[in-house]
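If you want the building blocks of each chain, they are given just below.
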Amino acid sequence: MRVDLHNHTILCNHATGTVAEYVEAAIECGTQFFGFSDHAPMHYDPKYRMGFDQMELYESWVKEAAERYADKITVLLGYEIDYLPGYMDENVLSRPCDYLIGSVHFIDDWGFDNPEFIGRYAGVDIDNVYRRYFGLIEAMALSGAFDIVGHLDLLKVFKYLPTGDIRLLANNALKAIKQANMTIEINASGYRKPIGEAYPSPLLIEQIAELDIPITFGSDAHCVEQIGLFGEDAETLARSFGYDKCALYRGRDREMIKF
Ligand SMILES: [Zn+2]
Ligand SMILES: [Zn+2]
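Structural notes, computed from the coordinates. Since we're looking at a predicted model, the values are computed, not measured. For every chain, the first residue of the written sequence is number 1, and numbering continues from 1 onward in sequence order. Key to labels: chains lettered from A, ligands numbered from 1, both in the order written. A pLDDT threshold of at least 70 governs which residues receive local features in this predicted model, and a stricter bar of 80 or more applies before side-chain atom pairs are shown or counted, although totals over entire chains, interfaces and linings include all residues. Hydrogens are left out, water is left out, and the side-chain values use all remaining heavy atoms of the structure.

Some points on the overall build of the protein
Part 1 of the argument: Runs of H or I in DSSP of at least four residues are treated as helices and runs of E of at least two as strands, each being numbered from the N terminus. Secondary structure assignment for the protein yields seven helices and 11 strands.
Part 2 of the argument: Taken over C-alpha atoms, the radius of gyration is set against a globule rule of 2.2 Å times the number of residues to the power 0.38. Here the protein has a C-alpha radius of gyration of 17 Å; the compact-globule value for 259 residues is 18 Å, and the two agree.
Part 3 of the argument: When its C-alpha atoms are laid out on the principal axes, the protein stretches across 50 × 40 × 30 Å.
Part 4 of the argument: Between buried and exposed lies partly exposed: a residue is buried under 20% and exposed over 50% of the maximum accessible area for its type, with that area taken using a 1.4 Å probe on protein chains only. Expressed as a percentage of the 259 residues in the protein, the buried residues total 55%.
Part 5 of the argument: Whether two residues touch is decided by their heavy atoms; if any such pair falls within 4.5 Å, the residues are in contact. For the protein, the proportion of contacts with a sequence separation of at least 24, taken over those separated by at least 6, is 74%.
Part 6 of the argument: Accessible surface is estimated by sampling points in the Shrake-Rupley manner with a 1.4 Å probe; for residues, cover comes only from the protein chains shown. Summed over its atoms, the accessible surface of the protein is roughly 10,900 Å², and 50% of this surface lies on carbon and sulfur atoms.
Part 7 of the argument: Distance from the positive charge centre (23 side chains) to the negative charge centre (40 side chains) of the protein: 4 Å. In summary, the charge assignment counts Lys and Arg as positive and Asp and Glu as negative, without counting His or the chain termini. For charged residues, the charge sits on one atom: NZ in Lys, CZ in Arg, CG in Asp, CD in Glu.

A look at the coordination of the zinc ion (ligand 2)
Part 1 of the argument: Shown as donors are all N, O and S atoms within 2.8 Å of a metal ion, widened to 3.2 Å for Na, K and Ca; because water is not in the atom set, sites may appear incomplete. Here the zinc ion (ligand 2) is held by the protein donor atoms Glu-80 (OE), His-105 (NE2) and His-151 (NE2), which lie 2.1 to 2.2 Å from it.
Part 2 of the argument: All donors of the zinc ion (ligand 2) come from a single chain, and their spacing in sequence reads E-x24-H-x45-H.
Part 3 of the argument: Separating the zinc ion (ligand 2) and the zinc ion (ligand 1) is a distance of 5.4 Å. With His-105 in the loop between strand E4 (99–103) and strand E5 (106–107) and His-151 in the loop between strand E7 (148–149) and helix H5 (166–179), the pair connects residues that are 46 residues apart, well separated along the chain.

A look at the sheet that holds strand E2 (residues 33–39)
Sheet strands line up and pair through hydrogen bonds in the backbone, either parallel or antiparallel.
Part 1 of the argument: Pairing between strands is defined by DSSP: at least two bridges between them are needed. With parallel pairing, seven strands are arranged side by side in an open sheet as E1-E2-E3-E4-E7-E8-E9. At either margin of the open sheet sits one strand with a lone partner, and together these are strand E1 (3–4) and strand E9 (215–218).
Part 2 of the argument: Pairing of strand E8 (residues 183–187) with E9 involves four bridges; the strand directions are parallel. Its bridge partner being in E9, Ile-184 is matched across the sheet by Ile-215.
Part 3 of the argument: Running over the sheet, helix H2 (residues 55–68) touches E2 and strand E3 (74–82) and is turned about 155 degrees from E3. Only the stretch in contact is used when a helix axis is fitted, and all axes are lines through C-alpha atoms; the angle between N-to-C directions ranges over 0 to 180 degrees.

In structure tokens form, the structure reads like this:
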């Protein structure tokens, strides 16, 4: 991946490897713009994210790596923030950095992408769950607080797919994303999950391209081996829908570059 903006650090307590190892792996696979976007602190589910008192440490790690590897790669500083109504924190949202990824990992108290809670899919009206999920994505976009939509259709992770047309279920969310002038990431981590394809799916990327919404790329790496993994598949997928430019951010400003 020429641009890879979604990567984690050990501060989220569910990743391994050092910041330097990640950056060296990115250089190795030809990445030119590599961003860290670790799970931002939140007063909910604190064990899977950095603490509020660790933001400075996180930023110092990323900035040190940016300086150390400046002649080989551009390292960017971001955060992946959970969109969870009632838990949004101004200290995080206003934090100076290059970009904010907004992600939905929770529907109410259900961490639906966590294998620990997979049992809760049994017996739900799956189309209703998709409606709720994309309603949260829509609200996240309309909040205007974020630059990039993280893994747009994460709810498919365990292959619980809607019976209805995904394009209709996601339609209002996509319109809100367009209206908010956000970027959608093509997230390669789906290739290594049960669903076995990128987030978002080809059907949704087709609609995203029709709406002329900018895209970017992310490994969503939680270990060194995942850096750039399935990156070519993600880029090929985007090209097949006519994309030849992707977004990156510096100081919350978007730039478009060829990939
Ligand atoms: Zn994570
Ligand atoms: Zn995520």
